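The chain contents come next:
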Amino acid sequence: MEREKIMAALSKAYENVYGDWQALSELAKELLHDGEDKAYQAIARRARGKSHILDGIQLSAAALGISWDELLEWTTHKEVQP
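Residues numbered from 1 in each chain as written. Predicted model: local features only at pLDDT ≥ 70, side-chain atom pairs only at ≥ 80, totals over all residues. Heavy atoms only, no water.

Assignment of secondary structure puts Ile 53 in helix α2 (residues 37-63). Note: C-alpha distance between Ile 53 and Tyr 18 (35 residues apart in sequence) is 9.1 Å. (Helix = DSSP H or I, 4+ residues; strand = E, 2+ residues; numbered from the N terminus.)

A word on α2. Taking 1.5 Å per residue, 27 residues should reach 39 Å; α2 reaches 38 Å between its end C-alpha atoms and fits that length. For α2, every residue scored as buried is listed here: Ile 43, Ala 44, Ala 47, Leu 54, Ile 57 and Ala 61. For α2, the secondary structure elements touched by its buried residues are α1 (3-33) and α3 (68-73). One or two steps after α2, the chain reaches Gly 65, where phi turns positive at roughly 85°. (Expected span 1.5 Å × (residues − 1). Buried < 20%, exposed > 50% of the residue type's maximum accessible area, 1.4 Å probe, protein only. Contact = heavy atoms within 4.5 Å.)

A separate point is the packing of aromatic side chains. Inspection of every chain in the model, using the stated rule, returns 3 aromatic pairs. Relative to Tyr 18, the ring of Tyr 14 lies with its centre 6.3 Å away and its plane at 15°, an arrangement referred to as stacked. Here Tyr 14 and its partner Tyr 18 are both found in helix α1, 4 residues apart, which amounts to about one turn of the helix. Taking relative accessible area as the criterion, Tyr 14 reaches 7% and is therefore assigned buried. The class of Tyr 18 is buried, set by a relative accessible area of 13%. Between Tyr 14 and Trp 68, the aromatic rings sit 5.5 Å apart at their centres with planes inclined by 70°, giving edge-to-face as the arrangement. (Phe/Tyr/Trp six-rings, centres within 6.5 Å; stacked < 30°, edge-to-face > 60°.)

This part takes up the pattern of salt bridges. On inspection of all chains with the given rule, the structure shows 3 salt bridges. Note that Arg 3 is salt-bridged to Glu 70, the shortest N-O span being 2.7 Å. Taken together, the residues span a long stretch of sequence, with Arg 3 in helix α1 and Glu 70 in helix α3 at a distance of 67 residues. Where Asp 20 meets Lys 50, a salt bridge forms, and the shortest distance between an N and an O atom there is 3.5 Å. With Asp 20 in helix α1 and Lys 50 in helix α2, this residue pair connects regions lying 30 residues apart in the sequence. A relative accessible area of 21% means that Lys 50 is categorised as partly exposed. (Salt bridge = Lys/Arg side-chain N within 4 Å of Asp/Glu carboxyl O.)

Here you go:
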């Protein structure tokens, strides 16, 4: 697979999962603030799972010789960018 195709696929996957992680994290904060401990714990677990996936994508990129900065350059989410 060409490097550009790999970069596009990894960055798109990262963006999608990042969006999910961000939404779940915000919901978890709201639930915690509202005192909904049981719901908070369930949503926080899902957010942690998404975080692990993000770590996996980053490690996959590194294994292919793609730096973290290079991966971020390919993303379109402003929140993901440093």
